[in-house]
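Fold and contact review
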Amino acid sequence: MRTILLILVLLAHPVYAVQPDEILDDPALEARAREVSKDLRCLVCRNESIDDSNAELARDMRLMVRERILEGDDNEEVKEFLVSRYGEYVLLKPRFGGSNWILWGAGPGMLLFAGVAGLIYLRGRSRAKAPGEETLNEQEAQRLEEIMKT
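Below: a short report on this structure. (Residues numbered from 1 in each chain as written. Predicted model: local features only at pLDDT ≥ 70, side-chain atom pairs only at ≥ 80, totals over all residues. Heavy atoms only, no water.)

1. Some words on the side chain of Ser-37
You can see Ser-37 is positioned in helix H2 (residues 27–37). By relative accessible area, Ser-37 is classed as buried at 0%. Setting aside chain neighbours within four positions, we find Ser-37 in contact with Ser-49, Ile-50, Asp-51, Val-65 and Arg-66. (Helix = DSSP H or I, 4+ residues; strand = E, 2+ residues; numbered from the N terminus. Buried < 20%, exposed > 50% of the residue type's maximum accessible area, 1.4 Å probe, protein only. Contact = heavy atoms within 4.5 Å.)

Written out as structure tokens, the structure reads:
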């Protein structure tokens, strides 16, 4: 049983949603289309590439990618066309620049802030006196004596 499962896992390959009528005749151009498509997000399915999605919009986007490649655009020009049409959200990996600096810097910034806050907290705790180390002043000692006598 385990052998069959191992064979199935080894033979498994990703299943793409690309329809046979979408595939380009030229294998080199089709490879370029697949390369571009894997970096583009399906706007319906969210975190799936347009190659993996069965949504109609993803199909339309795959066809646009192939049309642009047939028109002679290089990979970056195809991506730029789709970004200009759908916005930067269409890219599965956001660009490192512009307003995305905030997104890219937020994680490390929060980690740094949490680390500094943790160090300040631990340092304050290490300087605090233990409950048994605190001494009473004269007034507190007299008041305690009065309470203890009654």
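2. Observations concerning the state of the cysteines
Inspection of the entire model under this criterion finds zero disulfides. This cysteine, Cys-42, is not joined by any disulfide, and Cys-45 carries the nearest cysteine sulfur, 3.5 Å off. By relative accessible area, which is 0% here, Cys-42 ends up buried. Under the relative-accessibility criterion, Cys-45 is labelled partly exposed at 33%. (Disulfide = S-S within 2.5 Å.)

3. Digging into the pattern of salt bridges
The tally for this structure, following the rule as stated, stands at nine salt bridges. Between Glu-30 and Arg-34 there is a salt bridge, with its nearest N and O atoms 3.1 Å apart. Placement of both Glu-30 and Arg-34 in helix H2 is noted, with a separation of four residues, approximately one turn of the helix. Taking relative accessible area as the criterion, Glu-30 reaches 8% and is therefore assigned buried. Asp-39 is the partner of Lys-79 in a salt bridge, and the nearest nitrogen-oxygen pair spans 2.9 Å. With Lys-79 in helix H4 (residues 75–86) and Asp-39 in the loop between H2 and helix H3 (56–70), this pair connects stretches of sequence that are 40 residues apart. (Salt bridge = Lys/Arg side-chain N within 4 Å of Asp/Glu carboxyl O.)

4. Thoughts on the packing of aromatic side chains
For the structure shown, the criterion picks out zero aromatic pairs. The ring centre of Tyr-89 lies 4.4 Å from the NZ or CZ of Arg-41, which sits over that ring. In this arrangement the basic side chain of Arg-68 is found over the ring face of Phe-81, its NZ or CZ atom lying 4.2 Å from the centre. (Phe/Tyr/Trp six-rings, centres within 6.5 Å; stacked < 30°, edge-to-face > 60°. Lys NZ or Arg CZ within 6 Å of the ring centre and 35° of its normal.)

5. Remarks on a nonpolar patch on the surface
Together, Phe-96, Trp-101 and Trp-104 make up a nonpolar patch on the protein surface, roughly 370 Å² of accessible area in all. Here Trp-101 is to be found in helix H5 (residues 100–127). Judged by relative accessible area, which is 48%, Trp-101 ranks as partly exposed. (Patch = residues over 30% accessible without salt bridge, like charges linked within 9 Å, V, L, I, M, F, W, Y side chains within 5 Å. Areas by Shrake-Rupley, 256 points an atom, 1.4 Å probe, with all protein chains shown as cover.)

6. Some points on the nonpolar core
Generally speaking, a soluble globular protein has its nonpolar side chains buried in company with each other. In terms of nonpolar packing, the biggest core is built from 16 residues, with Leu-40, Ile-50, Val-65, Val-78, Leu-82 and Val-90 touching the most fellow members. The biggest single contributor to this core is H3, with five residues. Ignoring any residue separated from it by four or fewer positions in sequence, one finds Val-65 in contact with Ala-33, Val-36, Ser-37, Leu-40, Ile-50, Val-78 and Leu-82. (Core = buried A, V, L, I, M, F, W, Y, C linked by side-chain atoms within 4.5 Å.)

7. Some remarks on H4
When the terminal C-alpha atoms of H4 are compared, their 17 Å separation across 12 residues agrees well with the 16 Å that a helix rising 1.5 Å per residue should span. Considered for burial, the residues of H4 that qualify are Val-78, Lys-79, Leu-82 and Val-83. Seen end-on, H4 carries its buried residues on one side only, within an arc spanning 135°. For H4, the exposed residues set more than 90 degrees away from the buried face come down to Ser-84 and Arg-85. Where H4 is buried, its residues touch H2 and H3. Immediately downstream of H4, the backbone of Gly-87 shows phi near 95°, a positive value. (Expected span 1.5 Å × (residues − 1). Arc of directions from axis to C-beta.)

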